[in-house]
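Notes for the structure review
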Amino acid sequence: LFLKKHKGSNDTSQYHLQALIEAAKYGKKVMVLDFVTPTPQGSSWGLGGTCVNVGCIPKKLMHQAALLGQALQDSRKFGWHFTEEVKHNWMTMTESVQNYIGSLNWGYRVALRDSKVTYENAYGEFVGPHTIKATNKKGIEKLYTAERFLIATGERPRYLGIPGDKEYCISSDDLFSLPYCPGKTLVVGASYVALECAGFLAGLGLDVTVMVRSILLRGFDQDMANRIGEYMKDHGVNFIREFVPIKVEQVEEGTPGILKVTAKSTTGDQIIEGEYNTVLLAIGRDPCTRKIGLDKVGVSINEKTGKIPVNDEEQTNVPYIYAVGDILQDKLELTPVAIQAGRLLVRRLYAGATTKCDYVNVPTTVFTPLEYGACGYSEETAVEKFGEENIEVYHSNFWPLEWTVPSRDNNKCYAKIICNIQDNERVIGFHILGPNAGEVTQGFAAAIKCGLTKEQLDSTVGIHPVCAEVCIQSHLKVTSKSCIHGILG
Amino acid sequence: CRCRTRAAAVGTGRRPPPSVRALAASALPGKNEYDLLVIGGGSGGLACAKEAAQFGRKVAVLDYVEPSPQGTAWGLGGTCVNVGCIPKKLMHQAALLGSSLKDAQHYGWSISQPVHHTCVQNYVKSLNWGHRVQLQEKKVKYFNIKGSFSDPHTVRGLTKAGKETVITADNIVIATGGRPKYPVHVAGALEYGITSDDLFWLKESPGKTLIVGASYVSLECAGFLTGIGLDTTVMMRSIPLRGFDQQMASLVTEHMESYGTKFLKRCFPTKVEKLKSNRLQVTWKNADLGTEETDSFNTVMWAVGRAPDTKTLNLEAAGVKTNSETGKIIVDASEATSVPHIYAIGDITEGRPELTPTAIAAGKLLAQRLFSQSSELMDYDNVPTTVFTPLEYGCVGLSEEAAVQRHGSDNIEVYHAYYKPLEFTVAERDATQCYIKMVCLREREQRILGLHFIGPNAGEVIQGFALGIKCGATYPQMMKTVGIHPTCAEEVTKLHITKRSGLDATVTGC
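Cut-offs applied
- Residues numbered from 1 in each chain as written.
- Chains lettered and ligands numbered in written order.
- Predicted model: local features only at pLDDT ≥ 70, side-chain atom pairs only at ≥ 80, totals over all residues.
- Heavy atoms only, no water.
- Helix = DSSP H or I, 4+ residues; strand = E, 2+ residues; numbered from the N terminus.
- Rg over C-alpha atoms; globule rule 2.2 N^0.38 Å.
- Buried < 20%, exposed > 50% of the residue type's maximum accessible area, 1.4 Å probe, protein only.
- Contact = heavy atoms within 4.5 Å.
- Areas by Shrake-Rupley, 256 points an atom, 1.4 Å probe, with all protein chains shown as cover.
- Lys, Arg positive; Asp, Glu negative; His and termini not counted.
- Charge placed at Lys NZ, Arg CZ, Asp CG, Glu CD.
- Buried area = accessible area lost by both parts, 1.4 Å probe.
- Salt bridge = Lys/Arg side-chain N within 4 Å of Asp/Glu carboxyl O.
- Polar contact = N/O pair within 3.5 Å; in protein donor to acceptor, adjacent residues only side chain to side chain.
- Pairing = 2+ DSSP bridges.
- UniProt positions renumbered as here; feature names shortened; annotations may be inferred.
- Axes fitted to C-alpha atoms, helices over the stretch in contact; angles between N-to-C directions.
- pLDDT = per-residue confidence, 0-100.
- Phe/Tyr/Trp six-rings, centres within 6.5 Å; stacked < 30°, edge-to-face > 60°.
- Lys NZ or Arg CZ within 6 Å of the ring centre and 35° of its normal.
- Parallel < 35°, antiparallel > 145°, perpendicular 65-115°, else oblique.
- Left-handed = near helix turned anticlockwise from the far one by under 90°.
- Nonpolar A, V, L, I, M, F, W, Y, C, P; charged D, E, K, R; others polar.

Concerning the overall build of chain B
When helices and strands are counted, chain B shows 15 helices and 23 strands. Rg of the C-alpha trace for chain B: 25 Å, near the compact-globule value of 24 Å for 510 residues, within the 12% margin. Within chain B, the fraction of its 510 residues that count as buried is 59%. Long-range pairs, those at least 24 residues apart, make up 63% of the contacts in chain B between residues at least 6 apart in sequence.

See below:
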């Protein structure tokens, strides 16, 4: 089995490692190719893929740093006394984060070695049937053949294609190892990458602006997306809506320097300019599938998006070539999904298992300053699929107990569930906006997988006092045009 | 005080036979002043009263707080709001924030040495007000009186001003809860010790504190006192968290020890004396060593259990039976006592979990059954709970030992994992006791019997899984659920090492 992961290996790798380790356990001879093409700014990283190096992990750690800044403020109201002035040091944080990532990179190499999976830090491309060429950093080429191949090359951030983008802008590939504080930052984009990064940068005390072409968090429940935006605005993030950058120029060199951004309105002729220390592009990600020789072996890709269509067993149109992770067409770009798919695939191939990856009701969380956990349908998708008269939406605002003492953000947290009236009021959508949204959502996702209905929700006893209890025991009220009820105590 | 008896206008105290139970609720219509009288304005009582009022019923609530031996009293809302869950969680948060302050420095924040002062009484006071306003809005009559039965449909009491009030009702719900116990055989216990009733209302810091007891009240309080920087000791006679999974209980206390709480294990106090310095000298016996030891503390807090508040109710006059050992009121599955129109909910009832959400749920369902044609009974199975110790412990379902006892160790499978929360890594925090355990039936379906989680935000993690268990979740369904990354909760969906295998259960990878 041959695993290709390169150009910023995708999320699957770290558990792919477990998938590979499993394959190796079944006595299979396994090889992994991983290679990271440096970013235009020169950033690169080790084994482990996007999640570990330039995604989930550093993101969550920096999000935590920002949350701790808030905790510092709260703690004064809980009786803690310390200096009035509190400052954040970017380098201290980044070094700690990078050290941790380094330990993970090392851990993966050891795990692969211990399971006798051959690892090569080389760029792989197909050159013919069952044959791959691996080119390492020094340009040395080797050919390998394998019975089966698994493509898991993931994606890299997209650039705008405007003057100055590659020269002066950074992406999430650069941010988490940036060797200087980014300073006043313009984040271009409205993806969760954009909002999460803008969120923690603001939380660390930086002046942050987000430039949005149209809507926030496309594909997510739009009511929830707008609440996230409102919260960020209330907490000091500036938003420039309905504008796109058309050029980026350098005003002053430095780390950081000063950049001038010119932007054009999407609704008219208006042109605006702004100066920033850093411009972070977060407008989307493109799959690493166009330069790996797929045409040489006949694997079809979606020419427009670059994504690879697979059947429900992660098999491409070429029977001995499989694919998992972010490069898949019509699948979720999430680490745990890739892991699950990869692991189950290996079990089907080598251990006689038949279980396929279940892509339905996959939960996720957006780690914006106010976190958003979701599982199942957004309200608009539910309406579209089932019809407004066939769904019931229950919702409520809530105030986490821990926020009462510092008197902050009353009535900003919010939970809603969407039920299918025709199917015994089955819960088909779960949305929560509040602290620890991921921790809350995980269990609800498990319950949804078990076919949770509103009745079961109402008859489950809550744990008190926690945020999650707002979702059960009839605390949620039916949507009414008139008002939204808050929860007391 | 015991009231003068007055000839009752209604009722003779004779219990109707079971066959006419169904009619009891509407016996003597129109003769009683209220449709529903709730004695006790706590979590259960208020929930029941408000729900009944929603059906257009005439409802009254009696609430009265007998001051603690130290003189502490509080307003409407019951234990949870005033001297339980709410102030507890806020104090726990204050302590957690102390850890956050330490973590923050690893994440790049620079602050001076933080020191802790003060308390959280103001928020608690505002909650009391909210409850009074809610009752008024819902047109529930509130009496701040201490009621006692004079007959099955009549309750009387004195207001603080000494005015006597008599209330009659068709249906009565007793929800008077419990109060902390004082140890009987320890000299000075009553005069010099405090309890959780007093702790949250102290005007000054408790200073060097001894907490006697091994209940979650003891451990939670010891935990947050340690967290805000106080010298804290827990004295336990035997095992911690009796009734909880003992492996998890050990992990909880292990963590507390590494966190800085001192433990005196297998010790029990014999006397408390006051020193000239105003400090308290405690003498205790060490059962293991057979020795007697002493030490002095600023505060001694008793957390040796809670007793139901039934003595002053004069239950005999109503004919309501209690458990002779515990003093709690005996109820059936519909919350009815031995007297058909008298019900009991919450901590006062025998055999029920002593939790706010169960009291609330039971109260609401009771009101619905009484006044709105519902027949739904309270389901007390698989009630989730969380112990808010410095490292939190959330659980739902059976402990491992209960599962073994019920099904036999050959018929259960225990999946487990030691994990490390991502946020602990940069903060260089010890995750030794971060642990998850899922107890399942071993047969084909592998239904989940119990789930146990130790780690940050344990309550948030467990809530959704408790729902899953209510839906009959199985191990395969849990494995089919995709994890949310990176969280602690996702580790539940990735459990795959069994205790039976003997393999190392430490999660590797990120």
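Quick notes on the overall build of chain A
A tally of regular secondary structure across chain A gives 14 helices and 26 strands. What you see for chain A is a C-alpha radius of gyration of 24 Å, in line with the 23 Å of a compact globule of 489 residues. Taking the principal axes of its C-alpha atoms as reference, chain A extends roughly 65 × 60 × 50 Å. Counting over 489 residues, chain A shows a buried share of 60%. If you take every contact in chain A between residues at least 6 apart in sequence, the share linking residues at least 24 apart comes to 64%. Taken as a whole, chain A presents about 18800 Å² of accessible surface, with 48% of it coming from carbon and sulfur. For chain A, the centre of its 51 positive side-chain charges and the centre of its 55 negative side-chain charges are spaced 6 Å apart.

With respect to the interface of chain A and chain B
Residue-level contacts link 81 residues of chain A with 85 residues of chain B. At the boundary of chain A with chain B, total buried surface from both sides reaches about 7300 Å², with 68% on carbon and sulfur atoms. On the surface where chain A and chain B come into contact, there are 3 salt bridges. A salt bridge links A:Asp358 to B:Lys480; the shortest N-O distance between them is 3.6 Å. In this assembly, chain A and chain B are joined by 22 residue pairs in polar contact (both at pLDDT 80 or more). Relative to strand β4 (residues 115-116) of chain B, strand β3 (residues 80-81) of chain A runs antiparallel, the two sharing 2 bridges. Each residue of the ladder has a partner; that of A:His81, found in β4(B), is B:Val115.

Points about the pattern of salt bridges
Residue and element names in this part refer to chain A. With the rule as written, the count across this model stands at 48 salt bridges over all chains. Salt-bridge contacts for aspartate 458 lead to lysine 454; the nearest nitrogen and oxygen are separated by 2.9 Å. With aspartate 458 and lysine 454 both in helix α14 (residues 454-459), this residue pair falls 4 residues apart, about one helical turn. Among the residues examined, lysine 454 registers a relative accessible area of 5% and is labelled buried. Each of Asp221, Asp223, Arg227, Glu379 and Lys416 takes part in one network of salt bridges that share partners.

Quick look at the pairing of strand β17 (residues 271-276) of chain A
Residue and element names in this part refer to chain A. Across 6 bridges, the pairing between strand β16 (residues 258-265) and β17 is antiparallel. Each bridged residue has a counterpart across the sheet, and for lysine 264 the counterpart in β17 is isoleucine 271. Hairpin connection from β16 to β17: 5 residues lie between these consecutive antiparallel strands.

Considering the side chain of B:Thr487
Residues and elements named next belong to chain B. Structurally, threonine 487 can be placed in the loop between α14 (475-480) and α15 (490-493). Of the residues examined, threonine 487 reaches a relative accessible area of 9% and is grouped as buried. A polar atom in the side chain of threonine 487 sits 2.8 Å from the backbone oxygen of isoleucine 484.

Points about the UniProt feature "binding site: FAD" (unreviewed entry) in chain A
All names here are of chain A. Residues annotated in UniProt with the feature "binding site: FAD" (unreviewed entry) correspond here to Lys60, Gly124 and Asp326. Considering the C-alpha atoms alone, the annotated residues occupy 267 residues of sequence and remain spread out, their largest mutual distance being 30.5 Å. Relative to the helices and strands, glycine 124 resides in strand β6 (residues 122-128). The exposure class of glycine 124 is buried, given its relative accessible area of 1%. Structurally, aspartate 326 can be placed in the loop between β20 (321-323) and α10 (335-350).

Quick notes on the sheet that holds strand β14 (residues 280-286) of chain B
All names here are of chain B. Pairing in this open sheet of 3 strands is antiparallel, and the strands run β13-β14-β15 from one edge to the other. Edge strands, defined here as strands with exactly one partner in the open sheet, are β13 (267-274) and β15 (291-297). Between one strand and the next, the sheet's axes are offset by a mean angle of 25°, whatever the strand orientation. By the bridge criterion, 7 bridges tie β14 to β15 in an arrangement that is antiparallel.

Quick notes on the UniProt feature "active site" (unreviewed entry) in chain A
All names here are of chain A. Here the UniProt feature "active site" (unreviewed entry) sits at His464. Relative to the helices and strands, histidine 464 is located in the loop between α14 and β26 (477-478). Of note is the side chain of histidine 464, whose polar atom sits 2.9 Å from the side chain of glutamate 469.

Things to note about the confidence of the model for chain A
All names here are of chain A. Here chain A averages 91 in pLDDT, while 94% of its residues score no lower than 70. Note that pLDDT drops below 50 for residues 5-15; the model gives that stretch 70 contacts with residues more than four away or on any other chain. Considering only residues more than four positions removed or in separate chains, one finds that residues 481-489, a stretch of pLDDT under 50, has 23 contacts.

Some points on the environment of B:Gly290
Residues and elements named next belong to chain B. Residue placement: glycine 290 occurs in the loop between β14 and β15. What makes glycine 290 exposed here is its relative accessible area of 66%. The spatial distance from the C-alpha of glycine 290 to the C-alpha of cysteine 267 is 9.5 Å, given a sequence separation of 23 residues.

Regarding the packing of aromatic side chains
Note on aromatic pairs: each is described by the distance of the centres and the angle between the planes. What the rule picks out here adds up to 12 aromatic pairs over all chains. A ring pair is formed by A:Phe126 and A:Phe149, whose centres lie 5.0 Å apart and whose planes are at 65°; its orientation type is edge-to-face. Of this pair, A:Phe126 sits in strand β6 while A:Phe149 sits in strand β9 (residues 149-151), and the two are 23 residues apart along the sequence. Per residue, the accessibility class of A:Phe126 equals that of A:Phe149, and both read buried. Here a set of aromatic residues connected by ring pairs shows up, and it is made of A:Phe126, A:Phe149 and A:Tyr320. Lying over the aromatic face of B:Phe143, B:Lys141 brings its terminal NZ or CZ to 5.1 Å of the ring centre.

Concerning the UniProt feature "domain: Pyridine nucleotide-disulphide oxidoreductase dimerisation" (unreviewed entry) in chain B
The positions that UniProt labels "domain: Pyridine nucleotide-disulphide oxidoreductase dimerisation" (unreviewed entry) are, in the present scheme, residues 383-494 of chain B. The span residues 383-494 of chain B is 33% helical and 26% strand by assignment, and the distance between its end C-alpha atoms comes to 23 Å.

As for the pairing of strand β2 (residues 31-35) of chain A
All names here are of chain A. Burial analysis of β2 places 5 of its 5 residues in the buried class, which makes it a mostly covered element. Of the strand pairs in this sheet, β2 and strand β5 (residues 118-120) are connected by 3 bridges, and their pairing is parallel. Within β5, the position partnered with methionine 31 by the bridge is threonine 118.

Structural notes on the packing of helix α8 (residues 216-227) of chain B against helix α9 (residues 246-259) of chain B
Residue and element names in this part refer to chain B. At their nearest, the axes of α8 and α9 sit 10 Å apart, and the two run at 20° to each other. Relative to α9, the element α8 is oriented roughly parallel. Crossing of α8 against α9: the hand is left-handed. Seen from α8, the contacting residues are Leu219, Ala222, Gly223, Thr226 and Gly227; seen from α9, they are Val252, Thr253, Met256 and Tyr259. A breakdown of the residues in the contact of α8 with α9 according to their chemical character gives 5 nonpolar, 4 polar and no charged.

With respect to the confidence of the model for chain B
Residue and element names in this part refer to chain B. Scored by pLDDT, chain B has a mean of 90; 90% of the residues are at 70 or more. Below a pLDDT of 50 lies the segment residues 1-27, which in the model reaches 36 contacts outside its immediate sequence neighbourhood of four places, other chains included. Interface confidence for the predicted complex, given as ipTM, is 0.91, next to a pTM of 0.91.

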